[in-house]
Amino acid sequence: MRIRCPLCGDRDSREFTYMGHEIYMHRPEDAGWSPAWDDYLHLRDNPAGVTRDLWYHGAGCTGWLLVERDTTTHDILRVELATDAKRGSA
Amino acid sequence: MRYSGWQVIKQGLTGNRGWKPAWRDPAPKAEYDVVIIGGGGHGLATAYYLAAEHGLTNIAVLEKGYLGGGNVGRNTTIVRANYGLEGNSQFYSHSLRLWEGLEQELNYNVMHSQRGVVNLFHSDAQRDAFARRGNMMVSQGDDAILLDRDGCRRMMPFLDYDQTRFPIYGGLYHPRGGTARHDAVAWGYARGADQRGVDLIQKCEVTGIDVENGKVTGVQTTRGAIRAKKVAMCAAGRSGQVAAMAGMRLPIESTVLQAFVTEGLKPVIDNVITYGMGHFYISQSDKGGLVFGGDIDFYASYASRGNLPMLEHVMEAGMTLMPMIGKSKVLRSWGGIMDMSSDGSPIIDKTHIDGLYVNAGWCYGGFKATPASGHCYAHLIATDRPHEAALRHRLDRFNTGLVMDEEAKGSQHNLH
């Protein structure tokens, strides 16, 4: 599996660490416990198909990437810097 | 037919013409008291215990592929009860006791072999942690012996004790742990359930769960609609998709775990051995193959196959621990879909929908749990109360904070 890092180019998946679903980019603002925290920490759509998740390019540019993948084929469909994605969605 | 040594001799002398299929191949009926979604080890065990202990026999097990074709057919076959947390400790202890009577109960040879499990440690701190775990196992009523380096050397002379990076300090020996023939466990439960009247329906994929006014009424399948008073989800790695049919989201992310087997060799590894530093575990099957595995591939996947970096890591760990296996040839590798929960412990509970039950989140420890999972799930389905060995395996524990994070990894699914 190879991931095309926007800064470093096409690189071996060994350079990256997987963290989890895109939802980790949307930390709830609620001060106390709420269903939003349950969503953030625990509940997952867990799709068999296209998903978006966060990868850390630790052995490269040390950037956080938002990767769109197919969980049934391991195809990488789209990669962007998490900061760009966040700015785009804001 | 009751299996026995006498039958083997009799059938052998008469050309083996008298053996019958071990279970029927029935068409689905229009209605059942209980429909179990998933014909793997846990689903079949659930059906068996519902029939054997609770007298419910109007049951169907629906399997989209063939019986035992999922994770029960693709694991490293290890059976153990060496958990430390309140809740898990009782549950796996309960499971081990069920394992010990399983072959007699099922009249089926599941080749359960209590060859012992040794967890190696490689530092003073790890020795302390394992001593503590051993004490917890003993206080739960199971067995554990702390071996020093010489004790390990007597049992396993072939390990590389003086490796410079992670020298072996000793091991926690769990004599009642061991292995079992994975497929036979599914087949034994399937046969036992079928004999008691349970319909095992293969090539029947559930495509919808019918809910009316907050109560489950049945399922839609590729072989037609089936009404049911109770529906029990038991789909391991596919739990997310099954629960989604009922509009539910689970605290689960599915990943892939690889395992490997070598060509058959003469007996050389007597026990199950786990490497305390490289996440590598190995045993030798009765056929002679070395069966081993390591960590999950760490990313969400339904591909049922892994990637090469983890394969390389597992091979490196094996070579570091026991260089003698370097010349054996790996015959095959495979990947199973693991339903990783966010605290690393499983769920056996009711749902917010009346009559709908959930059994999921086994991460990569589901095989050893098979008897207790089925036993406790059947108890829950039949009585609507949790079994005392599974009181803490609740679905709402993630919301209440009463999580069971055995390895204290925090709430990140792929780290457990």
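Residues numbered from 1 in each chain as written. Chains lettered and ligands numbered in written order. Predicted model: local features only at pLDDT ≥ 70, side-chain atom pairs only at ≥ 80, totals over all residues. Heavy atoms only, no water.

Chemist: Provide a residue-level description of the overall build of chain A, including the pertinent values.
Modeler: Helices and strands together make up the secondary structure of chain A, namely two helices and six strands. Ordered by position from the N terminus, the helices and strands of chain A form the series β-β-β-α-β-β-β-α. In terms of its C-alpha atoms, chain A occupies a principal-axis envelope of roughly 40 × 25 × 20 Å. Excluding contacts between residues fewer than 6 apart, the proportion of contacts in chain A whose partners are at least 24 apart in sequence is 42%. Accessible area for chain A stands at about 4700 Å²; split by element, carbon and sulfur atoms hold 50% of it. Of the side-chain charges in chain A, 11 are positive and 15 negative, and the distance between the mean point of each set is 6 Å. (Helix = DSSP H or I, 4+ residues; strand = E, 2+ residues; numbered from the N terminus. Contact = heavy atoms within 4.5 Å. Areas by Shrake-Rupley, 256 points an atom, 1.4 Å probe, with all protein chains shown as cover. Lys, Arg positive; Asp, Glu negative; His and termini not counted. Charge placed at Lys NZ, Arg CZ, Asp CG, Glu CD.)

Chemist: Which residues make up the interface of chain B and chain A, and what values do they have?
Modeler: At the interface, 26 residues of chain B touch 25 residues of chain A. On the chain B side of the interface with chain A, the three residues burying the most area are B:Arg249, B:Tyr299 and B:Tyr302, jointly 26% of the side's total. Taken together, chain B and chain A are joined by three salt bridges. A salt bridge links B:Arg249 to A:Asp39, with the shortest nitrogen-to-oxygen separation between them at 3.2 Å. At the junction of chain B with chain A, the criterion picks out 21 residue pairs in polar contact (both at pLDDT 80 or more). Breaking the side of chain B that touches chain A down by element, the ones donating at least two residues are helix 7 (239-245), strand 12 (252-264), strand 15 (289-300), helix 8 (308-321) and helix 10 (397-400) of chain B. Grouping the amino acids of the side of chain B that touches chain A by side-chain chemistry returns ten nonpolar, eleven polar and five charged. (Buried area = accessible area lost by both parts, 1.4 Å probe. Salt bridge = Lys/Arg side-chain N within 4 Å of Asp/Glu carboxyl O. Polar contact = N/O pair within 3.5 Å; in protein donor to acceptor, adjacent residues only side chain to side chain. Nonpolar A, V, L, I, M, F, W, Y, C, P; charged D, E, K, R; others polar.)

Chemist: Explain empty space enclosed by the protein residue by residue, including any values.
Modeler: All names here are of chain B. Across all of its chains, the model carries two cavities of 30 Å³ or more by this definition. Taken as a whole, the largest cavity spans an internal volume of roughly 80 Å³. Residue classes in the lining of the largest cavity are distributed as four nonpolar, four polar and four charged. Taken as a whole, the second largest cavity encloses approximately 30 Å³ of empty space. Every residue lining the second largest cavity is listed: Met233, Cys234, Ala235, Ser239, Val242, Ala243, Leu250, Val358, Asn359 and Ala360. Here the lining of the second largest cavity is built from residues that sort into eight nonpolar, two polar and no charged. (1 Å grid on protein atoms, 1.4 Å probe; cavity = no way out; pocket = protein on both sides within 12 Å on 5 of 7 lines; lining within 4 Å. Points joined across faces, edges and corners; volume = space filled by probe spheres on them.)

Chemist: Would you mind going over the confidence of the model for chain B in detail, with residue names and values included?
Modeler: Averaged over all residues, the pLDDT of chain B is 96; the fraction at 70 or higher stands at 100%. Interface predicted TM-score (ipTM) for the complex: 0.95; the corresponding pTM is 0.96. (pLDDT = per-residue confidence, 0-100.)

Chemist: So what about the pattern of salt bridges? Which residues, and what values?
Modeler: All names here are of chain B. The final tally for this structure, using the stated rule, is 26 salt bridges over all chains. Of the charged contacts in the structure, one is a salt bridge between Arg181 and Asp183, with a shortest N-O distance of 2.9 Å. Arg181 gets classed as partly exposed once you look at its relative accessible area, which sits at 29%. With its nearest N and O atoms 2.7 Å apart, the salt bridge here joins Arg397 to Asp343. (Buried < 20%, exposed > 50% of the residue type's maximum accessible area, 1.4 Å probe, protein only.)

Chemist: How would you sum up the side chain of A:Asn46? Please name residues and give values.
Modeler: In this structure, A:Asn46 sits in the loop between helix 1 (35-41) and strand 4 (50-56). Judged by relative accessible area, A:Asn46 falls into the buried class, the value being 5%. Apart from residues no more than four positions distant in its own chain, A:Asn46 is found in contact with B:Gly240, B:Gln241, B:Ile252, B:Glu253, B:Ser254 and B:Tyr302.

Chemist: Would you mind going over the sheet that holds strand 6 (residues 76-81) of chain A in detail, with residue names and values included?
Modeler: Residue and element names in this part refer to chain A. Taken in spatial order, the four strands of this open sheet run 3-4-5-6, and their pairing is antiparallel. Every other strand in the sheet has two partners, leaving strand 3 (17-21) and strand 6 as the edge strands with one partner each. Each strand axis lies, on average, 30° off the axis of its neighbour in the sheet, ignoring direction. Relative to strand 5 (residues 64-70), strand 4 runs antiparallel, the two sharing seven bridges. (Pairing = 2+ DSSP bridges. Axes fitted to C-alpha atoms, helices over the stretch in contact; angles between N-to-C directions.)

Chemist: Let's hear about the packing of aromatic side chains: which residues, and what values?
Modeler: Within the structure shown, the criterion is met by 17 aromatic pairs over all chains. Here the aromatic residues B:Tyr83, B:Phe91, B:Tyr92 and B:Trp362 are joined through ring pairs into a cluster of three or more. Its guanidinium or amino end placed over the ring of A:Tyr24, A:Arg44 lies 5.0 Å from that ring's centre, counting from NZ or CZ. It is B:Arg191 that lies over the ring of B:Tyr3; its NZ or CZ is 3.7 Å from the centre. (Phe/Tyr/Trp six-rings, centres within 6.5 Å; stacked < 30°, edge-to-face > 60°. Lys NZ or Arg CZ within 6 Å of the ring centre and 35° of its normal.)

Chemist: Can you break down the sheet that holds strand 15 of chain B residue by residue, with the values?
Modeler: Residues and elements named next belong to chain B. Spatial strand order, 5-6-4-13-14-15-12-16: eight strands in an open sheet with mixed pairing. The two strands at the open ends of the sheet, each matched to only one other strand, are strand 5 (145-148) and strand 16 (330-341). Neighbouring strand axes in the sheet, compared pairwise and without regard to direction, differ in orientation by 25° on average. Where strand 5 lies against strand 6 (residues 170-174), four bridges are found, and the strand directions are antiparallel. If you follow Asp148 over to strand 6, its bridge partner there is Gly170. Its contacts with the sheet put helix 8 on strand 4 (117-121), strand 12, strand 13 (272-275), strand 14 (280-284), strand 15 and strand 16, and the angle it makes with strand 15 is roughly 135°.

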